[in-house]
Every structure is written in structure tokens, then in C-alpha cells.
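A structural walkthrough
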Amino acid sequence: MAEKKFSGAGDDVCPYCGKKMRRWVGSLESAWGFVPQFVCFNDECAYYIEGWEWMRSQFKQNVSYRYRFNPDNGESGPLPVWSGDALKDGIVD
Amino acid sequence: MAKFEKVEVTTDLLILGGGMAACGAAVEAAYWAKKNGLKVTLVDKAAMDRSGAVAMGLSAINQYVGLHEGKNTVKDYVDYVRMDLMGIIREDLVANIARHVDSTVHLFEKWGLPIWKDAEGRYVHEGRWQLMINGESYKVIVAEAAKNALQEAGGEYFERVFITEPILDGDRIAGAIGFSTRENKAYVFRAKSVIVAMGGAVHVFKPRSTGEGLGRAWYPPWNSGSSAYFTLRAGAEMTSQEVRFIPVRFKDAYGPVGAWFLLFKSAATNAMGGNYMIERKDELESWKPYGLVKPIPANLRNWLGMLDVMEGKGPIFMRTAEAIQKIAADAGDEKAAKKKLKELEAEAWEDFLDMTISQAILWAANNVEPEKRSSEIAAAEPYFIGSHSGASGAWISGPEDLQNGQTKNDYFWGYSHMSTVKGMFCAGDASGASSHKFSSGSHAEGRICGKAAVKFVVENNTLPSMDTAAVDKMIEAQFKPLDVFAEFSGKTTDPEINPHYIKPKMFMFRLQKIMDEYVGGVSAQFATNKACLDRALELLAFLKEDSANLAAADLHELLRCWENVQRLWQAEAHTRTILFREETRWPGYYRRTDFPTMDEANWHCFANCRWIPGKNEWEMIKRPMLHLYPKAQEHELVGG
Ligand SMILES: Cc1cc2nc3c(=O)[nH]c(=O)nc-3n(C[C@H](O)[C@H](O)[C@H](O)COP(=O)(O)OP(=O)(O)OC[C@H]3O[C@@H](n4cnc5c(N)ncnc54)[C@H](O)[C@@H]3O)c2cc1C
Ligand SMILES: [Zn+2]
């Protein structure tokens, strides 16, 4: 998978699938601190789909990740999910 | 006195402890020592491979700043810690660790720790600062690197040697004494500089798990306040001794609750089904500005739940069953639901098995099926863990280059992370006012100490003198419990019950009862006041007197005697400092019922203390809380 750079702050399009990302906040207890971020919850997104096999083969973990972008500081990265609808109840838009 | 071989070890730098901070110190010090032809010696009371708080493994590295990747700035981390600790931290120390912690994490990875990454090599973050790891062997990997580094540089390490007292040469540290926990050997370590990294303290307060549950605790039972005792006895100034940590965990086995929130979306609610995080939101206003930040400071989250319990609305349940059933319902058909549940359950149990095995055992033993009924969570008894979300430890110098005109006089004296005792450095749980270091930050702080301590040795390259007669007296006192037992155990038919002595276990129970009832333990709903604290000090004084009559049947009990004497000193420093700070600042850690509110005008400062050797007196000191970074604006704190 080629390295994809995010085009800029405020952008809410997933660089992997081109779909619109959703506004998401972690729970009150979560270490994300309740800050709204963009997360690609597209179940067809290749980044998410390929993540399952990658994590199984590399780390022996039944886990994948979704693309996350923090519009506050332009920082992004993989957000771990243990199931297809994990974290979806944090969607706020 | 019982017969003991006296082993004298002379070294340049002595590292006390073998945990995360000590291993960091060993790696870095070995590197600089080799360059300067110096010798480094490390001493651990246990076996480094599985000693200290990381013994059972961890599933996340809790401090990674991502400076190089531009993820966060040092100031971001300072803001986070400052808010969680209700405004009282040494920003220079937190910043110093934050700017070095990433390289420590990269070392862990180089040494073989599997850190989760996506296919493009980016770390998988559990939260803003947390990296996910396969961490069952975390400590083994970190210890191996430390041992290799020591050996390669011509250094050495001793395992199963328990350190008791510091050796001093005037106002400079000169070494330490200790004893083997396996052989009849007394150790005298002489050194030009000493790094203290013997962890924090557990079992100072009566734990929730008593009786047959004794020994289960959130914090590892083998850290017993050795760092606090050692630094106090050396005459070091201590800070934030009132800032204990109280984790909210599954009741009685202290299993982590995070995965259950995360995986199952379980809510924590009271007996009536109310959610205190929602119902008591307005209470956070009373603790402004800290109450309004996100994430909500750990102690304030505790506080909202405690209010429910105090109103008689407990127990607090983690509603696992409802959450799991909802997931099953959403999964569609029965087969899919079953498969899904199995997967999630495996994840959740794994979370116990790789860091709190006792929780899994307790649930199995009690037929707990989380999919069928809720489990209780509770605020645990207090712990002293300055590297986690508490802040207790020694008052140490910050790095010179981070100081500004205002902080330089108060926060810097010669060497980075050196205590107020010349040549004595402190890291991890042993140093205070720099919370949220966790495993990685403790290792990074150890590395900072390792480098600074070698610099100290190079610039002060003389072996401090040692008063041999005085040290022999200390050794005699160290073994006294064995002599007491030998002399008196025959006087009764049951060696456990004897009018001439007290066994360490009973000593510990008495300490825990005093702390629990008078200094805001679980039974007192974490509340205390001046009258309670005065009474505690009176009872602690009696207990201290009785420490002269401790008895040990063997070396293992001798270790237990010393652990409890050390706990007693941690307890006294804590009690005195809570008494000194006349306000309530961390209501979810403890409350002064005679000063129930926060007092920014008088107490936005450090409450420090010092035991004065020779005089046997305590001194209480206020130190100013000075800023290196502008206070974060409110909109920056709540985000978005
Ligand atoms: C339950 C729990 C969960 C945690 N979870 C995480 C997490 O998920 N992620 C994370 O990054 N951090 C976590 N932490 C924090 C992390 O474990 C600590 O911050 C870190 O271990 C502190 O390092 P230390 O060197 O100060 O103490 P420790 O690592 O505890 O080391 C103390 C050392 O001192 C030795 N010692 C003690 N007394 C003596 C004596 N008298 N003589 C000689 N040696 C002695 C011990 O044997 C040990 O080697 C957790 C801590 C706890 C308790
Ligand atoms: Zn996508």
C-alpha cells in the first residue's frame, strides 16, 4: 500500500477510499479526550478491509483499523477497531 | 547477631531498583560510563526479568508524544498532565520527559517489543498518547537490554538483594546497605552517585481485598515504599506526598475496565441505573477550570462515582450483560451473534490475562459470566505511584535549558533530576510532581538520570568517605528482627503470638487500619480532617516505636519487616502533607472535610516535606508553582 498524504486540515475525505468521513468522538472515558475527529467508517474502504489480514499476519491480533484525521492539528493515523461496528456509536454528525 | 557474610562492593554509579526507570538508567549510564572508564552497578530486590509494576506485562505504552511525526508538541503533553493533576505539576520535568520519551519507545521496538503498526508503518494509537503493543514480555525485553548494556560496559547487577538504608557522607550520598533475600549476606555498596528507582508503594492502606484475597492489589504488592524511605532517610526534600492515586477498577481483583467500555460500550451505572457521568455533570463546575477540560481529570471522574456511593446509590455496576446483548441483537441472526460474542469476549478476557491475571481467576472462581450479569466496579484503596496518575516522590532539579528567568532559582540546582541530596538522582515513581510518565516515560526519565549521574561522577570523581563503625551499626539494625525472633520465639508455644515482638504481617495490618480509618481510606469514603490526621500521627508514632520490636523467623520475613517499616515512612510523609495542605484539590483521591473546596489563592503551590536526619524532625515547605508554558486557553482544553 502506498503512503498517502492528507491534503490538508479541514478536509473530510478519506485518502484511501475517497468517501466522506464521519465526525466522531471517543467516549468520555476514552484516551482521545472527547475531541471531535474525522474517521472513515466506510466498511468497503480498502485500508480498513486489508487491516484485518495485516494485523492477523503481523501481530496475531483479531483487529483492524480505520483511518482517523484530527482536523485540529492535522494529525492522522490508524484507529483500532475490534469489530465492524466498533466505535460507530461515537459518530456525532 | 546472626552470622552474616559482609560483602563490600565499590562502584562509580549505583542504580537501586530493576524496574522500568532503573533499566532505562542502566542502558544510558552504561553507554556514558564506558566512554569515561566508569563502573555501573545495579541492585534489584527481585529478578529483573519480571520485577516491578510491568512484571505481568502491559497491553499499551501509555506515553508516546510523536514529536518527530508532528503528532503533538511538548506543550500538548504538559497541558494534558497539568490539567489532570489539577494545575500542580513541574512543567520542566514533564516537558523534559516528553521530549525524550519517543526515542525510548523506538529503543523498545529495536529491542524486539512488538508495537502495533498499520501496513504503512504508522503506530496504532489506542488514544492520543497510547500505543498498542503485544506486551506479555515487555519487561523481559527491557530488562534484557539493560543487562546486556551493563555487561558490555563492564558493569554488574545483583538480583534478590533488598536495599534498606542510605549511606551518607555529610550532605552527599555515599552508597546503600542491603541484604540478600536468599543467602546470609549483608551488602555494603559504596558509590560516587546513586540513582533511586525502587518504585512506589502499595499496601500502605487497607486494601479492598482482605482475608483470603490478601495480596491482590491494583499496584504490584512487591513495591513497598523503598524509594520514599530511602530518599527520606537521606534527608531529601519530598514533594506532592499527598497526591495518591485511586484507580476505579473491577471490584476486588482490580481488572482494567477500559476494554469493557471500548469493546462492549458498557456503561457504568449506579444501583438505580443512573449514569453518574451524565447525572452529575454539573458538579464539574465546582472544580473549574480543571473540571471543564476533556479528558476529565481522573480524580474528578472518580469523584462523580463516589458521590453516588456516598448517597447510598451503590454499588456501581459495569452493565456488561445489557451491552453484550445489544451487540448480539445488532449482529443479525443467532449464529452471527454467537460468533461475534465469542470474539469480543476473548478480547476482553485477554485484557485481564495479559496484565491482571487475578481478575480472570476471580471471575472464573465466582462463575461470573459477563454476558449474563453486570459486574461491580469500585474506587480502589490509595496507592503511591508518582509515575502514573499520582505525583508523590522526591523533589528534583529540572534540566537547565528548559528553565526561564522565573523558574531557574526554584527548579534548578546543578544536575538534571538530582534530588536535594548531592549525587542522589531519582526516576520513575521515585521522583515527584511529574505525573503520567507511565512505563515509557519512567524508562526515559531513567535514561535522563543515567546520563546526568555519570556527568556528576565525572565532575565529582572522588569516593565519598564512609564511617565503617556507623555502617556496621546500620547492618546490625538491619538484621535485628532475626535476633529478636531468636531470642524470644521460645517464650510462647505459638511463635506467631508473643508479647516480646510483633510479626511483620500484624505490623502491616495495624498500619493499614490507621491509614484506612483516619487518613481517608476506603472505609472512610476517602475523607479525613485535622482531628483524624492528628490521631493518625499519634498512632503512627506508637507503631514506629514498635518497629524496634519487629521479629523475623527467616530471611523472607526479614524482607517483610523492612517492607513494612518503609511503608510506615511513606504513610507518615503522606499524612503530614495532607495535614499541611489545607484545601481539597483532588476530591476523587481524598477530601479534607474541614476544607472541602479548592483554594487557588493559597494552595496553587507544591506541598513539600523533609525529614531532617540527626534531628529526627519533619519540616513542611511550600514551593511555588511556576509556569514554563502559558496556561492553555479554555477552548484549547475542551477541543473542537
Ligand atoms: C496495574 C498497573 C497498570 C499499568 N498500566 C500501564 C500501561 O498500560 N501502560 C504504561 O505505559 N504504564 C502502565 N503502568 C505504569 C508503569 O508500570 C510504571 O509507570 C512504571 O513501571 C514505573 O517504573 P519504576 O521503575 O518507577 O517502578 P517499577 O517498574 O515498579 O520498578 C521498581 C523496581 O524496584 C525494585 N525494588 C523495590 N524495592 C526495592 C528494594 N528495597 N531494593 C531493591 N530493589 C527494589 C523492584 O523489584 C523493581 O525492580 C501501570 C502500572 C500499574 C501498577
Ligand atoms: Zn476510507
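Residues numbered from 1 in each chain as written. Chains lettered and ligands numbered in written order. Predicted model: local features only at pLDDT ≥ 70, side-chain atom pairs only at ≥ 80, totals over all residues. Heavy atoms only, no water.

1. Some points on the layout of surface pockets
Residues and elements named next belong to chain B. For the second largest pocket, the calculated volume is near 700 Å³. For the second largest pocket, the lining is made up of 27 residues, of which Glu165, Tyr229, Arg233, Ala477 and Trp562 are closest to its centre. Of all the secondary structure elements, the ones that give two or more residues to the lining of the second largest pocket are β7 (161-169), α5 (226-233), α14 (468-488), α16 (530-546) and α17 (555-580). Broken down by element, the residue count for the lining of the second largest pocket peaks at 7 residues, all from α14. The residue inventory of the lining of the second largest pocket, partitioned by class, reads 17 nonpolar, 4 polar and 6 charged. (1 Å grid on protein atoms, 1.4 Å probe; cavity = no way out; pocket = protein on both sides within 12 Å on 5 of 7 lines; lining within 4 Å. Points joined across faces, edges and corners; volume = space filled by probe spheres on them. Helix = DSSP H or I, 4+ residues; strand = E, 2+ residues; numbered from the N terminus. Nonpolar A, V, L, I, M, F, W, Y, C, P; charged D, E, K, R; others polar.)

2. Describing the confidence of the model for chain B
Of all residues in chain B, 98% have pLDDT values of 70 or greater, and the mean over the chain is 94. Listed scores for the predicted complex are pTM 0.96 and ipTM 0.92. (pLDDT = per-residue confidence, 0-100.)

3. Focus: the interface of chain B and chain A
In this assembly, 34 residues from chain B lie in contact with 35 residues from chain A. A combined buried area of about 3200 Å² lies between chain B and chain A, and 59% of that area is made up of carbon and sulfur atoms. The interface formed by chain B and chain A holds 1 salt bridge in total. For the salt bridge of Glu75(A) with Lys71(B), the shortest nitrogen-to-oxygen distance reads 2.8 Å. (Contact = heavy atoms within 4.5 Å. Buried area = accessible area lost by both parts, 1.4 Å probe. Salt bridge = Lys/Arg side-chain N within 4 Å of Asp/Glu carboxyl O.)

4. Overview of the pattern of salt bridges
One side chain can pair with another of opposite charge once the charged atoms of both are near each other. Residue and element names in this part refer to chain B. Overall, the coordinates contain 52 salt bridges over all chains when judged by the stated rule. Across the salt bridge formed by Glu517 and Lys513, the nearest N and O atoms sit 2.7 Å from each other. Remark: Lys513 and Glu517 occur in helix α15 (residues 504-518); sequence separation between them is 4 residues, near one turn of the helix. Residue class for Glu517 comes out partly exposed when judged on its relative accessible area of 34%. Across the salt bridge formed by Arg610 and Glu619, the nearest N and O atoms sit 3.4 Å from each other. Judged by relative accessible area, which is 24%, Arg610 ranks as partly exposed. Taking relative accessible area as the criterion, Glu619 reaches 31% and is therefore assigned partly exposed. Residues joined in a network through salt bridges with shared partners are Glu242, Arg581, Glu583, Arg585 and Glu600. (Buried < 20%, exposed > 50% of the residue type's maximum accessible area, 1.4 Å probe, protein only.)

5. A look at the nonpolar core
Residue and element names in this part refer to chain B. Of all hydrophobic cores here, the largest spans 156 residues; its most connected members are Leu16, Tyr77, Phe189, Phe230, Trp260 and Tyr383. If one sorts the elements of this core by residue count, α17 sits on top with 12 residues. Sequence-distant contacts of Tyr383, that is, excluding residues within four places in its chain, are made with Ala201, Val202, Ala217, Trp218, Tyr219, Arg244, Phe245, Pro247 and Tyr254. Membership of the second largest hydrophobic core comes to 47 residues, among which are Met20, Ala21, Ala25 and Val27. (Core = buried A, V, L, I, M, F, W, Y, C linked by side-chain atoms within 4.5 Å.)

6. Points about the site of ligand 1
Residue and element names in this part refer to chain B. Near ligand 1 lie 36 residues; those nearest to it are Asp44, Ala60, Asn223, Ser387 and Ser439. Between Asn62 and ligand 1, the recorded distance is 3.0 Å, taken from a backbone N or O atom to an oxygen atom. Here an oxygen atom of ligand 1 sits 3.2 Å away from a polar atom, N or O, in the main chain of Phe438. At the level of elements, α1 (20-36), β4 (60-61), β7 and α13 (438-459) are the ones that each hand at least two residues to the shell around ligand 1. (Near = heavy atom within 4 Å. Polar contact = N/O pair within 3.5 Å; in protein donor to acceptor, adjacent residues only side chain to side chain.)

7. Things to note about the coordination of the zinc ion (ligand 2)
Tetrahedral coordination by four donors places them ideally at 109.5 degrees to one another around the metal; octahedral coordination by six donors ideally gives 90 or 180 degrees. All names here are of chain A. Each protein donor to the zinc ion (ligand 2) is listed here as Cys14 (SG), Cys17 (SG), Cys40 (SG) and Cys45 (SG); together their distances run 2.3 to 2.5 Å. Within one chain, the residues donating to the zinc ion (ligand 2) are spaced in sequence as C-x2-C-x22-C-x4-C. Looking at Cys17, the relative accessible area reads 24%, which means it is partly exposed. (Donors = N, O, S within 2.8 Å, 3.2 Å for Na, K, Ca; no water.)

8. Some thoughts on the sheet that holds strand β17 (residues 424-426) of chain B
All names here are of chain B. In spatial order, the strands read β6-β3-β2-β10-β17; together these 5 strands make up an open sheet with parallel pairing. Pairing within the sheet leaves two strands with one partner each, and these edge strands are β6 (156-158) and β17. If you compare each strand with its neighbour and ignore which way they point, the axes differ by 20 degrees on average. Where strand β2 (residues 13-16) meets strand β3 (residues 40-43), 4 bridges bridge the pair, whose relative direction is parallel. Bridge pairing links Ile15 to Leu42 in β3. Contacts between helix α4 (residues 138-152) and the sheet are confined to β3 and β6, with β6 contributing the most and set at about 130 degrees to the helix. (Pairing = 2+ DSSP bridges. Axes fitted to C-alpha atoms, helices over the stretch in contact; angles between N-to-C directions.)

9. Re the sheet that holds strand β4 (residues 75-81) of chain A
Residue and element names in this part refer to chain A. Taken in spatial order, the 4 strands of this open sheet run β1-β2-β3-β4, and their pairing is antiparallel. Every interior strand has two partners, whereas the edge strands, β1 (22-24) and β4, have only one. Neighbour-to-neighbour, the strand axes of this sheet turn through a mean angle of 40 degrees, independent of strand direction. Where strand β2 (residues 37-39) lies against strand β3 (residues 64-70), 2 bridges are found, and the strand directions are antiparallel. If you follow Phe38 over to β3, its bridge partner there is Phe69. Running at roughly 130 degrees to β3, helix α1 (residues 46-59) makes contact with β3 and β4 of the sheet.

10. Thoughts on the packing of aromatic side chains
All names here are of chain B. Applying the stated criterion across every chain, the model contains 42 aromatic pairs over all chains. Taking 6.1 Å as the distance between ring centres and 50 degrees as the angle between the ring planes, the aromatic pair formed by Phe108 and Trp111 counts as tilted. Between Phe580 and Trp603, the aromatic rings sit 5.4 Å apart at their centres with planes inclined by 85 degrees, giving edge-to-face as the arrangement. With a gap of 23 residues between them, Phe580 in helix α17 and Trp603 in helix α18 (residues 600-603) connect regions that are remote in the sequence. Phe580 sits in the partly exposed class, given a relative accessible area of 21%. (Phe/Tyr/Trp six-rings, centres within 6.5 Å; stacked < 30°, edge-to-face > 60°.)

11. Remarks on empty space enclosed by the protein
Residues and elements named next belong to chain B. The full count for this structure, using the stated rule, is 2 cavities of 30 Å³ or more. Considered as a void within the structure, the largest cavity measures approximately 70 Å³ in volume. Ala228, Ser392, Gly393, Asp429 and Gln570 are the residues nearest the centre of the largest cavity, which is lined by 13 residues in total. Grouping the constituent residues of the lining of the largest cavity by class yields 4 nonpolar, 8 polar and 1 charged. Of the voids in this model, the second largest cavity is the one considered here, and its volume is about 30 Å³. In this structure, the second largest cavity is lined by Arg208, Arg249, Phe250, Lys251, Asp252, Tyr254, Ala378 and Ala380.

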